[in-house]
Amino acid sequence: MIHFSHALSYHFDHYSYSHSSSLAKKRDLVLFKGGWMLVLLLLTACTNSSNRVSVNTIPDVNSDIETFTLENGLDVILWRGGNQNAVFQLLIHSGSLQEEADQLGYAHFVEHMAFSQVTENGERPIQDKLAALELEFGKHANAYTYFDHTEYRLLVRQNDLTKSLQALALLTDFALNTEFNEEEVEKEKPVIIEEWRLKNVNNPSVYQQALNAKLSGSRYIKRFPIGTKDSINHATADALDAFYSRHYQADNATLIITGNIDRKALKAAIVDSFKNWRASGEGKSSRVDLPAIKNEGAEIYADDNINGYVLTRSHTFDQSFFNSELGMIKRDQIIALLDIFNDRIAHRLLETQGNVESIFANLTLDPLTYQSNLNFTAMSNFDGLPQASQIIAEEMSRIVKHGLHGKEWFGWRKRRFRDIEEDFRSSLYLASEASRYALNQGLLLDENSYIQLLKDAHFNTELVDFQQVAAKYFTLPSKIVLKHNKRQPAPSKSMLSNYFSRATDHIMPAKAVVSDTQWPLSKVAGSILKKTTLANDIIEYQLSNGLVVRFYETQQDLNNINLQLVGLGGLSEMPEDEVLAARLATAVMSASGLRNMTGAELKEWLIQAGIHLNAHFTFNSRELDMKSTQADLDVLLRLLHLALTEVKVDPKMFTYVQKLNIDQLQQLSNSPTNDFTLRVEEVLTNNDPAFRRMTSDEVMQIDEQRMSNIYDTYFKGTQNYVLTIVGDVSPDALEPLLVNFVANIPQTAAKRGPSRDNPIAPKSITVEGRGSNADATRVTIIKTLPKQAFLHKHHPDIHWIQRHFNKVLFHEIREEQGLVYSVNVVVDGESPSSVAYSLKVAFLTDPAKAKQVVDIINQELLKASKDAPTLAELNKTLIEQRQHYAQDLKNNNTLSRLLAGAEFQGIPIEYVFSAEDYIPEKDIQSTQALMAELLSGNSIDTTFILNP
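Under the annotation held in an unreviewed UniProt entry, the protein chain carries the name Insulinase family protein and is attributed to Marinomonas phaeophyticola.

Here it is in structure tokens:
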């Protein structure tokens, strides 16, 4: 996909190690602790089997999956595999649809109370158990209430049997031991009211409008999980307890545990933990009638905040459409058609001269209804609507009439099996699949069974089969939906329908996929001047053109090679006019192709060849990362040579990217939050040309020659690059390739000017604005401390500081005072390349209380900054970080990035292989001192308040 937004704002990039986890997301209306989530989730499994495994069924020892049912009706799914983590999940098969008219919002209220347990002496056992498992609420421990179910989920990192039993005890508490104290219920009401403010089902966003229209006429429209403000205010402990007792029953629940688990030990513990859970004898809650499917007509929605136009042609399949093995195969065939459709579309975007930003097709699963949606979507300006719809119609028709090329299918098939293997390495993916099975009565296959099913089908699929699939599914009746900004004009519904119905009778076959090429070079071979073995068996080569190559042989990722090319000096060392040109140049040149290939053809060829190539121009460096199989290493190094000698600027691509940027800048300038956003950008970027928003005039002044000059000056040749190669290849095999394809890259000098530091706000300031399109005020507090003002020589533990502040604010601001629904603290600055430490606090609250809440949060932070960690706490955090680091080193991508970035960060290269060296010990005094300094007058205090 073309990256077009470089004129808007630039990323604060740095080349360093970071470790983060993210929970799998669901699409459409999910009442998540983090908010209503309206995102697309690609359909990966929605299948069916006719029978559940009964009590005491003997498990298949060759399968990674074991399912069984306890005597009280609790269904259990244990799925070993994935990574070193594990996911513990409890599904209650009741949500807002099971609420009576006087219980609106109770399912969600109960879920809140499950985390808000308090003993008679004021202890909070759930919070203590989360802390014992090192789980942060919202990040590793979460829950959501949906229309037809409630889910509790724990992501346990580096799982072992001890942690498994602790996690199981937590889920047992949610299931059996939740109590409802009137005082705690009253304290929780303001929190839920703040959440209700954010999730108001009458908010004017185009997404809420479309959702309300979809649910119209069904029970769903009357049972949004958030409930009503009146029902929340009138909830009592007894009423909530009655709902809990009625629905939290063993035979109305499913327990799912996936990842790094001991199934035998867990099975015994599950039986012991849940055997006394009450059962209703009624089984799972009955399903409610779904909203009627509408696959015709046109709908138009508008609000103040959406940018541009989003046009979708969509067909909705019945809930059970893919619920069989044959359905799984059919679904995969449709996905293949859509992926190849997307590859072909890339060739045609230039025709629109920047009017169409993107076109893509996907098959999604709507967890609201468990229906599948076949979508063709375009993002464009007004003039691009007829262009985009015509391109969609033509490419659909082309596949129907002429089918696929063999190489397209073979390339997709290869990628598909690679992606499946990657998916099954994630415990979160396994949990998501098991959850979908439990909720939708689907067929559940482990990795070997799933791959075998698809191999049996795909290796016997003929190209004519795809043409028949396309003829059936690409011609289905569809609904057309347009979302746009109400300040912009819109075509009529009849015009929208006509856009997609224009004649496509004379569609020609697609151009054949570009044939294999070895990218021949005519350069005379260079030579290796010096070969040195460094620590940890890293080999360093000094080439005849001055290039330094560092190579580490490893078989931890069999048959694969990772390359990282890094040159110090990026946007921070360029004059302002060159910075602005470089920000657009990377987008244009990376999409302009090589030699006689267009950008779209090159992208398609790389996909078919399984080769990854990506260029970056960051604030501090120029980078190229590449990946291929061992067999294609010679091709990879030829491409590296070409990338440093023959990159071009395609005039059509230049026009396209330039027009896209100008359109987006215009859309931003029309946004109701534009004035506020510009003031925020001015503060945070300090008007640095690498980060600030460009103007339309500046974009227009950039021409093709300036982009070519950027390449010649800052990218071309050897510059001051260091090439890092990590992977499954021997020195004997690598060295001839270096001589023939790398050592003969022309030697050039790196142009480096005086370097600027990453920008920080010049002074403390509060920026306030309006136009958030929500009923709540969004607030971000940032406290920045330049590292030059922090003189402690020992390392502070910013991870402990972040957890400490999050815990304090969650308890005091959310739980005790009910001033916010959620509050999140992030502490940054650990990387050696960072010039400052920063403390960021983000929350949403009642507009009438926003400034008061800011003052209270600052007071609580100041009080909390006087606390000090214990040595045991710091050691525990240190062990956890080092364990994560050691695990990540097993990934060649991470290892190559770390080796390449070591010199940039001033870290001895041998430190990369040692968690003890790379992640130093932390100090109590410096940790406490950093907290105090961040909350002192020495820090720069910026507060951004966006009101409705």
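(A) Looking closely at the environment of Lys 851. Along the chain, Lys 851 falls in helix α25 (residues 850-864). Measuring from C-alpha to C-alpha, the distance between Lys 851 and Ile 945 comes to 8.5 Å, with 94 residues separating the pair along the chain. Not counting residues up to four positions away in its chain, the partners in contact with Lys 851 are Glu 768 and Ile 945. Among the polar contacts made by the side chain of Lys 851, one reaches the side chain of Glu 768 at a distance of 3.1 Å.

(B) Region of interest: a negative patch on the surface. Among the surface-exposed residues, Glu 120, Glu 179, Glu 182, Asp 238 and Asp 241 lie close enough to one another that they form a single negatively charged patch. Relative to the helices and strands, Asp 241 resides in helix α7 (residues 237-247).

(C) Main features of the packing of helix α3 (residues 161-176) against helix α8 (residues 263-274). Between α3 and α8, the least distance of the axes is 10 Å, while the angle of their chain directions is 25°. As far as their axial angle goes, α8 and α3 are roughly parallel. The two elements α3 and α8 cross, and the hand of that crossing is right-handed. Here Leu 161, Ser 164, Leu 165, Leu 168, Leu 171, Thr 172, Ala 175 and Leu 176 of α3 lie close against α8, whose contacting residues are Ala 265, Leu 266, Ala 269, Ile 270, Ser 273 and Phe 274. Tallied by class, the residues present in the contact of α3 with α8 amount to eleven nonpolar, three polar and no charged.

(D) The confidence of the model for the protein chain, seen in detail. For the protein chain, the average pLDDT comes to 87, and 92% of its residues sit at 70 or higher. Between residues 9-59, whose pLDDT stays under 50, and residues either more than four places distant or in other chains, the model counts 181 contacts.

(E) Just the packing of aromatic side chains, in detail. The tally for this structure, following the rule as stated, stands at 28 aromatic pairs. Consider the rings of Trp 409 and Trp 412, whose centres lie 5.7 Å apart with planes at 15°: the pair is stacked. With a gap of three residues between them, Trp 409 and Trp 412 both fall in helix α11 (residues 406-423), about one helical turn apart. With relative accessibility at 1%, the residue Trp 409 sits in the buried group. Plain terms: the ring middles of Phe 424 and Tyr 429 are 5.4 Å apart, the flat faces sit at 65° to each other, and that makes the pair edge-to-face. The class for Tyr 429 is buried, based on a relative accessible area of 12%. One aromatic cluster in this structure is built from Phe 115, Tyr 152, Phe 174, Phe 180, Tyr 244 and Tyr 248. Residue placement shows Lys 267 over the ring face of Phe 68; its charged tip is 4.7 Å from the ring centre.

(F) Examining the nonpolar core more closely. By size, the foremost hydrophobic cluster in this structure holds 111 residues, and its most contacted members are Ile 359, Leu 563, Trp 605 and Leu 640. Contact partners of Ile 359, with chain neighbours within four places excluded, come to Phe 341, Asn 342, Ile 345, Leu 349, Thr 377, Ala 378, Ala 388, Ile 391 and Ile 392. Judged by nonpolar contacts, the second largest core, of 54 residues, contains Val 76, Phe 115, Ile 257 and Ile 270.

(G) Focus on the sheet that holds strand β13 (residues 479-485). Read across the sheet, five strands follow the order β9-β13-β10-β12-β11 without closing on themselves; strand pairing throughout is mixed. Each having just a single partner strand, β9 (298-303) and β11 (356-366) make up the two edges of the open sheet. Pairs of neighbouring strands in the sheet enclose a mean axial angle of 20°, with direction left out of account. In this sheet, strand β12 (residues 371-380) lies alongside strand β10 (residues 309-317) in antiparallel orientation, the contact comprising nine bridges. Across the sheet, Ser 314 pairs through a bridge with Asn 375, a residue of β12. With respect to the sheet, helix α9 (residues 325-345) is in contact with β11 and β12, its orientation differing from that of β11 by roughly 170°.

(H) Focus on the pattern of salt bridges. Per the stated rule, a full pass over the model turns up 49 salt bridges. Residue Arg 814 is joined to Glu 188 by a salt bridge in which the shortest nitrogen-to-oxygen separation is 3.6 Å. In this pair, Arg 814 is assigned in helix α24 (residues 798-816) and Glu 188 in helix α4 (residues 182-198), connecting sequence segments 626 residues apart. Arg 756 is the salt-bridge partner of Asp 688, the closest N and O atoms lying 2.9 Å from each other. Pair noted here: Asp 688 is in the loop between α20 (674-685) and α21 (696-701) and Arg 756 is in the loop between α23 (731-742) and β21 (765-770), with a separation of 68 residues, a long-range link.

Quick notes on the rules
Residues numbered from 1 in each chain as written. Predicted model: local features only at pLDDT ≥ 70, side-chain atom pairs only at ≥ 80, totals over all residues. Heavy atoms only, no water. Helix = DSSP H or I, 4+ residues; strand = E, 2+ residues; numbered from the N terminus. Contact = heavy atoms within 4.5 Å. Polar contact = N/O pair within 3.5 Å; in protein donor to acceptor, adjacent residues only side chain to side chain. Patch = residues over 30% accessible without salt bridge, like charges linked within 9 Å, V, L, I, M, F, W, Y side chains within 5 Å. Areas by Shrake-Rupley, 256 points an atom, 1.4 Å probe, with all protein chains shown as cover. Salt bridge = Lys/Arg side-chain N within 4 Å of Asp/Glu carboxyl O. Lys, Arg positive; Asp, Glu negative; His and termini not counted. Charge placed at Lys NZ, Arg CZ, Asp CG, Glu CD. Axes fitted to C-alpha atoms, helices over the stretch in contact; angles between N-to-C directions. Parallel < 35°, antiparallel > 145°, perpendicular 65-115°, else oblique. Left-handed = near helix turned anticlockwise from the far one by under 90°. Nonpolar A, V, L, I, M, F, W, Y, C, P; charged D, E, K, R; others polar. pLDDT = per-residue confidence, 0-100. Phe/Tyr/Trp six-rings, centres within 6.5 Å; stacked < 30°, edge-to-face > 60°. Buried < 20%, exposed > 50% of the residue type's maximum accessible area, 1.4 Å probe, protein only. Lys NZ or Arg CZ within 6 Å of the ring centre and 35° of its normal. Core = buried A, V, L, I, M, F, W, Y, C linked by side-chain atoms within 4.5 Å. Pairing = 2+ DSSP bridges.

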